[in-house]
Amino acid sequence: MLALKDIYAKYDQLNVLKGISIHVEKGEVVSILGANGAGKTSVLKAITGGITVTSGKVYFGEKDVTSLPAHAVVKEGISHVPENRRVFRELSVEDNLIMGGFKFTRSKKEMDARMESVYEMFPRLRERKTQKAGTMSGGEQQMVAIGRGLMMSPKLMILDEPSQGLAPRIVEEIFEAIQKLGKEGRTIVLVEQNIFQALQISNRAYVIKSGEIMMEGDAKQLLAREDIKEAYLH
Ligand code: ATP
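Rules used throughout
- Residues numbered from 1 in each chain as written.
- Predicted model: local features only at pLDDT ≥ 70, side-chain atom pairs only at ≥ 80, totals over all residues.
- Heavy atoms only, no water.
- Buried < 20%, exposed > 50% of the residue type's maximum accessible area, 1.4 Å probe, protein only.
- Helix = DSSP H or I, 4+ residues; strand = E, 2+ residues; numbered from the N terminus.
- Pairing = 2+ DSSP bridges.
- Right-handed = clockwise from strand over helix to strand, strands pointing away.
- Lys, Arg positive; Asp, Glu negative; His and termini not counted.
- Salt bridge = Lys/Arg side-chain N within 4 Å of Asp/Glu carboxyl O.
- Polar contact = N/O pair within 3.5 Å; in protein donor to acceptor, adjacent residues only side chain to side chain.
- Contact = heavy atoms within 4.5 Å.
- Near = heavy atom within 4 Å.
- Areas by Shrake-Rupley, 256 points an atom, 1.4 Å probe, with all protein chains shown as cover.
- Expected span 1.5 Å × (residues − 1).
- Domains from an automatic or database assignment.
- Buried area = accessible area lost by both parts, 1.4 Å probe.

Draft legend 1. Main features of the pairing of strand E8 (residues 187-192). Counting buried positions over the six residues of E8 gives six, a clear majority of the element. Residues Thr187, Val189 and Val191 line one face of E8 and the alternating positions Ile188, Leu190 and Glu192 line the opposite face, and both faces are buried. Alignment of strand E7 (residues 156-160) against E8, held across five bridges, turns out to be parallel. What sits directly across from Leu159, in E8, is Leu190. You can see the chain leave E7, run along helix H7 (residues 168-183) and come back into E8, and the turn it takes is right-handed.

Put into structure tokens, the structure is as follows:
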């Protein structure tokens, strides 16, 4: 469904990605792991925009989406939930969800049905649907950000460090939700520093170091490898 083929990419003069090849099949949860500054977010930007790809190709299905602008990538059905959970702070939870869905739904009925499935995934959001998103806790804002992404019913969902800066109990809740999404058959690319928890809910993973793939494979097999801990090191 998604394939990055030998991607080299840079910011201004700084080469950050040095030959990244990644593939994601329909229905898979695939993690991209690595330490701070390893290049994980840059891999996502190579897919959805924000970094200059100097060589290599990104395919989504049959289509070459290399260097397409962000809005065009969204139109293809890729939802990118960025780092630091950007929600519309002044809008209610419900209005945040509507913002996520309105370009991608044809009727109120469809919008309501999608909203209902987000509330089933995150019951806390239903309880707080009239609350301003900016006044919610970090974990709740992350739920809003993921929920908003789900409202477009994406073919592929990209989650950039959803557990960042959250308390352990909330991290658990977020990972459970992602696992549920995976079990529903959704296709997910997950970027995480929380390597062990991410591997537990993934089918496969790539470990990145200094813009190169250092390890890849089945998540269970990677979990068993002693040298996986090196992924934390700079
Ligand atoms: P983190 O977990 O800290 O977000 P990461 O693995 O996602 O790390 P990237 O954000 O992809 O890493 O950054 C990879 C390298 O690119 C880093 O050295 C970083 O400083 C650099 N970098 C990131 N964004 C930019 C930018 N907009 N301009 C210049 N350099 C950048």
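Draft legend 2. Geometry of the side chain of Asp160. On the secondary structure map, Asp160 appears in strand E7. Lys40 is the oppositely charged side chain nearest to the buried, salt-bridge-free Asp160, at an N-O distance of 7.1 Å. Side chain to side chain, Asp160 and Thr41 meet in a polar contact 3.2 Å long. Filtering out sequence-adjacent residues up to four positions away, Asp160 remains in contact with Thr41, Leu44, His80, Val81, Pro82, Glu83 and Val191.

Draft legend 3. Region of interest: the environment of Lys220. Topologically, Lys220 is positioned in helix H9 (residues 219-224). You can call Lys220 exposed: its relative accessible area is 56%. In this structure, the C-alpha to C-alpha distance between Lys220 and Ser202, residues 18 residues apart in sequence, is 8.4 Å.

Draft legend 4. Inspection of the site of the ligand at higher detail. As a matter of local geometry, the ligand sits amid 14 residues, with Asn36, Gly37, Gly39, Thr41 and Ser42 nearest to it. Contacts to the ligand include Thr41, whose side-chain N or O atom sits 2.7 Å from an oxygen atom. Between an oxygen atom of the ligand and a side-chain N or O atom of Glu83, the distance comes to 3.3 Å. In isolation the ligand offers 630 Å² of accessible surface; the protein chains occlude 63% of this area.

Draft legend 5. Inspection of helix H4 (residues 108-121) at higher detail. An ideal rise of 1.5 Å per residue puts 20 Å on 14 residues; H4 measures up with 20 Å between its terminal C-alpha atoms. What H4 keeps buried is the set Glu110, Met111, Arg114, Met115, Val118, Tyr119 and Met121. Where H4 is buried, its residues touch helix H3 (93-101), helix H5 (123-127), helix H6 (138-150) and H7.

Draft legend 6. Up close: the sheet that holds strand E1 (residues 2-11). Pairing is antiparallel across the open sheet formed by four strands, whose spatial order is E2-E1-E4-E5. Strands with a single pairing partner mark the edges of an open sheet, and in this sheet they are strand E2 (14-24) and strand E5 (63-64).

Draft legend 7. Looking closely at the domain arrangement of the protein. Its domain assignment divides the protein into domain 1 (1-74) and domain 2 (77-180). Here the C-alpha centre of domain 2 lies 23 Å away from the C-alpha centre of domain 1. Domain 1 puts ten residues into the contact, and the matching count from domain 2 is eleven residues. In total, about 1100 Å² of surface goes out of reach between domain 1 and domain 2, with carbon and sulfur atoms giving 71% of it.

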